[in-house]
Amino acid sequence: MSSRIEQLIDEIEEYIDNCKYQPLSNSKIIVNKDEIDDLLRELRQKTPEEIKRYQKIISNKEAILNDAREKAQALINEATEHTTELVNEHEIMQQAYAQANEVVQLATRQAQEIVDNATLEANAIKDSIMQYTDQKLAEVEDIIAHAVEVSQTHYSNLVSDLNRINDVVQTNRAEFHAQNEELGTEEMDAAGNVGDDLNVM
């Protein structure tokens, strides 16, 4: 079963894949800030939980080692009991000592092998989990960086569009004022002509 972090990463990737491209671009997309913020917020909340789960798995390394030690001690105890039984049999005293030593040595080797294998297995689990966690966090980092880049691009485009619109508005105002001044001059000339006509009469 996949973790919630993997599901969220898949959802973010699917969301980005389904976003519409900006006009005249095949690389820049339009992102809904609220939706991407919700996904990232849940991702931030779930990440500590997932890391704790992995840390719990890593902590099982000690349990594995303890179990190995218990099995090793059980083998040694069994060998010791067997040695005691052999020693108590006087007729085969020498043989008992030899067999007892052999059993103890074999049990010790087996116990060491159990501990060594358990240590290797626990370290392998730890390394795998650390690598997996780092990989997932790197994927999250890339997604967040991409989202920031897209947001900055949208903001820059918005400012550029507003500046262009403002330039058009300023140009239109200047033309409007110029036309008003021309109309005012013409009206004054017209009023002067009427005055001349009146004086003539």
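Rules of the game
Residues numbered from 1 in each chain as written. Predicted model: local features only at pLDDT ≥ 70, side-chain atom pairs only at ≥ 80, totals over all residues. Heavy atoms only, no water. Helix = DSSP H or I, 4+ residues; strand = E, 2+ residues; numbered from the N terminus. Buried < 20%, exposed > 50% of the residue type's maximum accessible area, 1.4 Å probe, protein only. Contact = heavy atoms within 4.5 Å. Areas by Shrake-Rupley, 256 points an atom, 1.4 Å probe, with all protein chains shown as cover. Core = buried A, V, L, I, M, F, W, Y, C linked by side-chain atoms within 4.5 Å. Expected span 1.5 Å × (residues − 1). Salt bridge = Lys/Arg side-chain N within 4 Å of Asp/Glu carboxyl O. pLDDT = per-residue confidence, 0-100.

*Asks:* Talk me through the overall build of the protein; I want residue IDs and the actual numbers.
*Replies:* Across its full length, the protein holds three helices and zero strands. Helices (α) and strands (β) of the protein occur, in sequence order from the N terminus, as α-α-α. Relative to its 201 residues, the protein shows a buried fraction of 19%. Of the contacts made within the protein by residues no fewer than 6 positions apart, 71% connect residues no fewer than 24 positions apart. Roughly 15,200 Å² of accessible area belongs to the protein as shown, and the carbon and sulfur atoms make up 53% of that amount.

*Asks:* Give me the nonpolar core: which residues, what numbers.
*Replies:* Note that soluble globular proteins tend to have their nonpolar side chains buried in a common cluster. Residues Ile12, Tyr15 and Leu43 are the most contacted members of the largest nonpolar core, which totals 15 residues. At the level of secondary structure, the elements contributing two or more residues to this core comprise helix 1 (4–18), helix 2 (33–88) and helix 3 (93–200). Ranked by residues supplied to this core, first place goes to helix 1 with six residues. Not counting residues within four places of it along the chain, the set of residues in contact with isoleucine 12 comprises Ile36, Leu39, Leu40, Leu43 and Ile143.

*Asks:* An account of helix 1 is requested, with residue identities and associated values reported.
*Replies:* Compared with an ideal rise of 1.5 Å per residue, which puts 15 residues at 21 Å, helix 1 spans 21 Å between its outermost C-alpha atoms and is within 8% of the ideal. Among the residues of helix 1, Ile5, Glu6, Leu8, Ile9, Ile12, Tyr15 and Ile16 are the ones counted as buried.

*Asks:* Give a detailed account of the pattern of salt bridges, specifying residues and quantitative values.
*Replies:* Across all of its chains, the model carries four salt bridges by this definition. The residue aspartate 37 makes a salt bridge to lysine 33 at a minimum N-O spacing of 2.8 Å. Remark: lysine 33 and aspartate 37 occur in helix 2; sequence separation between them is four residues, near one turn of the helix. A relative accessible area of 22% places aspartate 37 in the partly exposed class.

*Asks:* Account for the confidence of the model for the protein, naming residues and giving values.
*Replies:* Looking at the protein, the pLDDT average stands at 79 and 89% of residues meet or exceed 70. Per-element mean pLDDT across the protein ranges from 79 in helix 3 up to 86 in helix 1.

*Asks:* Lay out the side chain of glutamine 22 with the relevant residues and their values.
*Replies:* Mapped onto the elements, glutamine 22 comes out in the loop between helix 1 and helix 2. Overall, the relative accessible area of 11% leaves glutamine 22 in the buried class. Setting aside residues up to four positions removed in sequence, glutamine 22 forms contacts with Lys28, Ile29, Ile30, Thr153, His154 and Asn157.

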